[in-house]
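Each chain is listed here by its residues.
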Amino acid sequence: MAGNNYDTRSSLSGITLETVQWFVFLLASAVALPIVIGSVFQLNFTEVAGLMQRTFFVVGITSFLQGVFGHRLPIMEGPAGIWISIFTVMAYSEVAAGKSYAETLQTLEAAMIWTGIFLLFFGVFRLAHRVLFVFTPFVTGAFLFLLTVQLSGTFLKGMLGVQQQIEAILVDQTILAFLTFFVVIGLSFFGKGWLKSYAVLLGIVAGWGLYAILIGSKTADSGPAPVPFALPELWAWGMPSFNWSVIPLAFITAVILLSNIVASVVAVSHSIYGKPSYTYSQLNRGSSFLGVTHVISTMFSTVSNVSLASSSGFINLTGQKSKQPFLYASLLLVVVAFFPPIVAFISAIPAPIANAALLATFVQLMGLGLSNMMSEELNERRLTILGISFLVGIGLMFIPSEVFQGMPSIVQNLISNGLLVGTVLVIVLEQLWRGSPESQKRENA
């Protein structure tokens, strides 16, 4: 099968139900990370609600743009895991260097814009597919493994109720968080039909309900009630603060994000057509519009979005291969973002519950990383590359960011991020250390 000839259901009721299912999937995938960012940057309830509103709007509009003009597949655009990692690292390193959280967010805006420019450049000049040779399953698996290791600490702290001012574990919140975690895991692995399809959403609803009953609901303490209708705010974090130190970080992030486009397009095209089906032109368009959506995300002060390969799992579970309901659901999410009371209600999800649901989704991501690494023989060369990269990358994750204060900013932003350092080491060592001709023949056999 080729082109956009998806299986479709022409009836209005069928399209409506498929649109609702896609909308719930978009909502469940977008709702947790703004709460995590709000916790890391100590945003108040009103600020988190505003971030949630902007996130819904950006997820909807960027998913629609990619579906119509970019790679043209029903793939959700959602907050990127690698950007969550960068946000978390810089929340500590920049503040330790004397910057405020507001100044740090403005620096991150600049980093996301530079990354968008690089991605747009790769796509427009048809360079995206030319760097894909470095992203072997071995490299991609190592990246996914490092990503889950780094973010697991952030999510686990959120589950335990440990914030920057609160060092003690909050037992009641922790119990509910782990209960949510196991509900999501249980439904994901043992649930059938819609129970499995909406495991994350059902886990959040169950955990939130118990939290409200046993601990109490989070509400805006002194802020005014949200207006019935409002447009998402532009530059809510202030204008970007450009400095040269973020350019290397942005370039490396842009290159790594190219592998994300390939993984998503391959996975979803396989779900639709029964086999991976894509063109270099499609990948270059995807890169171009990923650059555009990075700039859109920055303008609305949200974490930049990327194509989520988890969309293929949704398609496999539901059998929904039509792009039309996906586009309708994306636009519906944009419309919901215009009504702050609805967004404020959703943003009241307690941080421990949101973190628990996210950590549960990373169980499968960790498994995907391990299976990718083991898809090729782990010989002595590859094990040594992994050993060096993981020891250095994971080791940097445990080093306090303040120890890098004496270094130039351009070095701080790179070397203090264990995810980036570990991934770059895997790529460089994999390309430079090719092994003997005999071993290469065995690896390629």
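So, here's what we can say about the structure. Everything numeric in this text was worked out from a predicted model, so none of it was measured.

## Observations concerning the overall build of the protein
Then, in step 1: Helices and strands together make up the secondary structure of the protein, namely 19 helices and two strands.
Then, in step 2: For 445 residues, the compact-globule estimate of 2.2 N^0.38 gives 22 Å, and the C-alpha radius of gyration of the protein, at 21 Å, lies within 12% of that figure.
Then, in step 3: A principal-axis box enclosing the C-alpha atoms of the protein has dimensions of 65 × 60 × 40 Å.
Then, in step 4: Counting across all 445 residues of the protein, residues that qualify as buried make up 54%.
Then, in step 5: Excluding contacts between residues fewer than 6 apart, the proportion of contacts in the protein whose partners are at least 24 apart in sequence is 84%.
Then, in step 6: As displayed, the protein offers around 18800 Å² of accessible surface, 69% of which is attributable to carbon and sulfur atoms.
Then, in step 7: Taking the 19 positively charged and 18 negatively charged side chains of the protein as two groups, their mean positions are separated by 14 Å.

## Digging into the packing of aromatic side chains
Then, in step 1: Scanning the model with the defined rule gives 20 aromatic pairs in all.
Then, in step 2: Ring geometry for F57 versus F300: centroids 4.9 Å apart, planes at 55 degrees, classification tilted. Separated by 243 residues along the polypeptide, F57 in helix 3 (residues 45–68) and F300 in the loop between helix 11 (280–299) and strand 2 (305–307) bring together distant segments of the chain. Grouping residues by exposure puts F57 and F300 together as buried.
Then, in step 3: Arranged with centres 5.8 Å apart and planes meeting at 50 degrees, the rings of F229 and F338 form a pair that is tilted.

## Things to note about unusual backbone geometry
Then, in step 1: Not every positive phi belongs to a glycine, and Q42 is a case in point at roughly 55 degrees.
Then, in step 2: Position of Q42 among the secondary structure elements: in the loop between helix 2 (32–40) and helix 3.
Then, in step 3: Judged by its relative accessible area of 34%, Q42 falls in the partly exposed class.
Then, in step 4: Residues other than glycine seldom take positive phi values, yet R126 does so here, at roughly 55 degrees.
Then, in step 5: According to the relative accessible area criterion, R126 is partly exposed, its value standing at 42%.

## A short note on the pattern of salt bridges
Then, in step 1: Summed over all chains, the structure comprises three salt bridges.
Then, in step 2: Across the pair K99 and E94 runs a salt bridge, and its minimum N-O distance is 3.1 Å.
Then, in step 3: With a relative accessible area of 7%, E94 lands in the buried category.

Cut-offs and rules
- Residues numbered from 1 in each chain as written.
- Predicted model: local features only at pLDDT ≥ 70, side-chain atom pairs only at ≥ 80, totals over all residues.
- Heavy atoms only, no water.
- Helix = DSSP H or I, 4+ residues; strand = E, 2+ residues; numbered from the N terminus.
- Rg over C-alpha atoms; globule rule 2.2 N^0.38 Å.
- Buried < 20%, exposed > 50% of the residue type's maximum accessible area, 1.4 Å probe, protein only.
- Contact = heavy atoms within 4.5 Å.
- Areas by Shrake-Rupley, 256 points an atom, 1.4 Å probe, with all protein chains shown as cover.
- Lys, Arg positive; Asp, Glu negative; His and termini not counted.
- Charge placed at Lys NZ, Arg CZ, Asp CG, Glu CD.
- Phe/Tyr/Trp six-rings, centres within 6.5 Å; stacked < 30°, edge-to-face > 60°.
- Salt bridge = Lys/Arg side-chain N within 4 Å of Asp/Glu carboxyl O.

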